[in-house]
Amino acid sequence: MEDTLQSKVEKIITLVEGLSTKTTPTSTTPTIPTLVYFDVIGIAWPIRCLLHLHNIDYNFIAISIQQWTYKSANGHQPLKSAFNNGHVPLYIDQGVNLNQSNLILIYLAQQTRMMGDNKTEALAIESVLLHCYDAVFHSNGLLSVNITINIPAQVVQARLDAFMGQGDWGLVTNGYHNHLNAFVKLLEANELKSGFMVGSRLSVADLSAFNILCNWYKAFDKEVFLKEFPILDTYIQRIALIPGISDYIRNKQEATTWFDLPSIALKLTSSKELEGLVGLSAEHG
Ligand SMILES: N[C@@H](CCC(=O)N[C@@H](CS)C(=O)NCC(=O)O)C(=O)O
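Residues numbered from 1 in each chain as written. Predicted model: local features only at pLDDT ≥ 70, side-chain atom pairs only at ≥ 80, totals over all residues. Heavy atoms only, no water.

**Quick notes on the sheet that holds strand E1 (residues 34-38)**
- Sheet architecture is open: four strands sit in the order E2-E1-E3-E4, paired in mixed fashion. Since the sheet does not close on itself, it has two edges, and those belong to strand E2 (59-63) and strand E4 (97-98), each with one partner.
- Pairing analysis gives five bridges linking E1 to E2, with the strands arranged parallel. Bridging from a neighbouring strand, Phe38 pairs with Ile63 of E2.
- Relative to the sheet, helix H5 (residues 101-111) contacts strand E3 (90-92) and E4, its axis offset from that of E3 by approximately 30 degrees. (Pairing = 2+ DSSP bridges. Helix = DSSP H or I, 4+ residues; strand = E, 2+ residues; numbered from the N terminus. Contact = heavy atoms within 4.5 Å. Axes fitted to C-alpha atoms, helices over the stretch in contact; angles between N-to-C directions.)

**Remarks on the site of the ligand**
- In the vicinity of the ligand there are 15 residues, among which Lys80, His87, Gln100, Ser101 and Tyr133 approach most closely.
- Between the ligand and the protein, one listed contact pairs an oxygen atom with a side-chain N or O atom of His87 at 2.7 Å.
- Between Gln100 and the ligand, the recorded distance is 2.5 Å, taken from a side-chain N or O atom to a nitrogen atom.
- Against a free-state accessible area of 500 Å², the protein chains account for coverage of 86% of the ligand.
- Broken down by secondary-structure element, the contributors of at least two residues to the shell around the ligand are E1 and helix H6 (119-137).
- Residues that form the shell around the ligand fall into these classes: nine nonpolar, five polar and one charged.
- The residues that make up the shell around the ligand include at least three from each of domain 1 (5-111) and domain 2 (119-274). (Near = heavy atom within 4 Å. Polar contact = N/O pair within 3.5 Å; in protein donor to acceptor, adjacent residues only side chain to side chain. Areas by Shrake-Rupley, 256 points an atom, 1.4 Å probe, with all protein chains shown as cover. Nonpolar A, V, L, I, M, F, W, Y, C, P; charged D, E, K, R; others polar. Domains from an automatic or database assignment.)

**Focus on the packing of aromatic side chains**
- As enumerated under the stated definition, the model contains 12 aromatic pairs in all.
- Measuring from ring centre to ring centre gives 5.6 Å for Trp45 and Tyr248, while their planes differ by 80 degrees; the resulting arrangement is edge-to-face. Here the residue Trp45 occupies a position in helix H2 (residues 45-53), and Tyr248 occupies one in helix H14 (residues 243-252), the gap between them amounting to 203 residues. Considered together, Trp45 and Tyr248 belong to a single accessibility category, that of buried residues.
- Seen in terms of ring centroids, Trp68 and Phe83 are 5.6 Å apart; in terms of plane orientation they differ by 45 degrees. Their pairing is tilted. Placement of Trp68 in helix H3 (residues 65-69) and of Phe83 in the loop between helix H4 (78-81) and E3 is noted, with a sequence separation of 15 residues between them. Residue Trp68 shares its accessibility class with Phe83, and that shared class is buried.
- Sitting above the plane of the Phe60 ring, Arg48 keeps its charged end 3.6 Å from the centroid. (Phe/Tyr/Trp six-rings, centres within 6.5 Å; stacked < 30°, edge-to-face > 60°. Buried < 20%, exposed > 50% of the residue type's maximum accessible area, 1.4 Å probe, protein only. Lys NZ or Arg CZ within 6 Å of the ring centre and 35° of its normal.)

**Quick word on the pattern of salt bridges**
- Taken as a whole, this structure holds six salt bridges when the rule is applied.
- Asp117 is paired through a salt bridge with Arg113; the nearest N and O atoms lie 3.7 Å apart.
- The exposure class assigned to Arg113 is exposed, which follows from its relative accessible area of 56%.
- In this structure, Arg201 engages Asp117 in a salt bridge whose closest nitrogen and oxygen atoms are separated by 2.8 Å. Of this pair, Arg201 sits in the loop between helix H10 (175-188) and helix H11 (204-220) while Asp117 sits in the loop between H5 and H6, and the two are 84 residues apart along the sequence. (Salt bridge = Lys/Arg side-chain N within 4 Å of Asp/Glu carboxyl O.)

Dropping the structure here:
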């Protein structure tokens with residue numbers, strides 16, 4: 001018999017609680033890492049791409065929006081409550097239990113030599129990671145602009161206007177442009193002019209910047225991105241051509257950038273929005 005939504009949610013909760021209560025490794029801590037996230041690209045793309053680049057095997061527990069938003073009789077979302085901070089991603093291996101995306105990235109980058117070649121580069125990389133975070137979550141970040149569910153239409157429109165730089169709040173914050181101008185400055189601040197965000201080689205800063213620039217911003221508004229930020233387009237095209245990354249984009253990455261339900265968001269809801277962003281085509285369905 002097919003699992004009901006409730007029983008599926010209960011199973012995932014048992015799984016997650018079994019993992020997340022272990023702050024130190026025990027005999028039952030999984031021997032291969034586990035990553036829990038939504039079944040979308042979202043903010044887990046750089047984590048998953050890094051694991052792919054380094055051939056690190058891991059269990060992926062994918063959560064759907066229906067499972068996440070499932071409410072029990074008391075009106076609570078039981079799955080959300082299973083996470084210490086009420087959010088995903090969650091990453092667990094024999095050494096750590098991390099519930100913050102940037103921490104997961106830094107931890108994995110340290111294990112895989114993707115955190116630069118010295119302390120100065122490591123700080124510059126963190127700075128890029130923090131900016132990537134701002135571009136999604138900070139006021140006028142793309143997430144709050146994109147999400148529409150349960151938000152009155154006027155508020156959705158006002159957020160969008162500000163994000164696109166229109167109206168008083170848009171002029172003050174410079175929305176979209178502020179976020180992307182900062183990426184241009186970060187790229188130009190690399191004195192080595194290597195084409196990477198930091199230093200002379202690929203780092204986790206490039207994985208995170210690629211995700212935000214390509215899968216979020218370019219997918220959200222291709223026209224503005226191409227017209228006003230050609231430097232950033234050249235950058236993402238170059239990063240996409242790195243063999244392990246092309247392989248990840250073509251063969252592994254999930255079909256959607258966000259939830260596959262148009263009623264939830266303005267854009268970034270379907271695999272179509274990912275097509276042609278970097279001149280590679282997906283080889284899977
Ligand atoms: N600071 C956290 C924020 C994570 C976060 O907000 N994740 C979103 C998905 S991208 C989430 O859990 N959304 C569902 C919710 O907050 O209920 C991190 O970077 O990991």
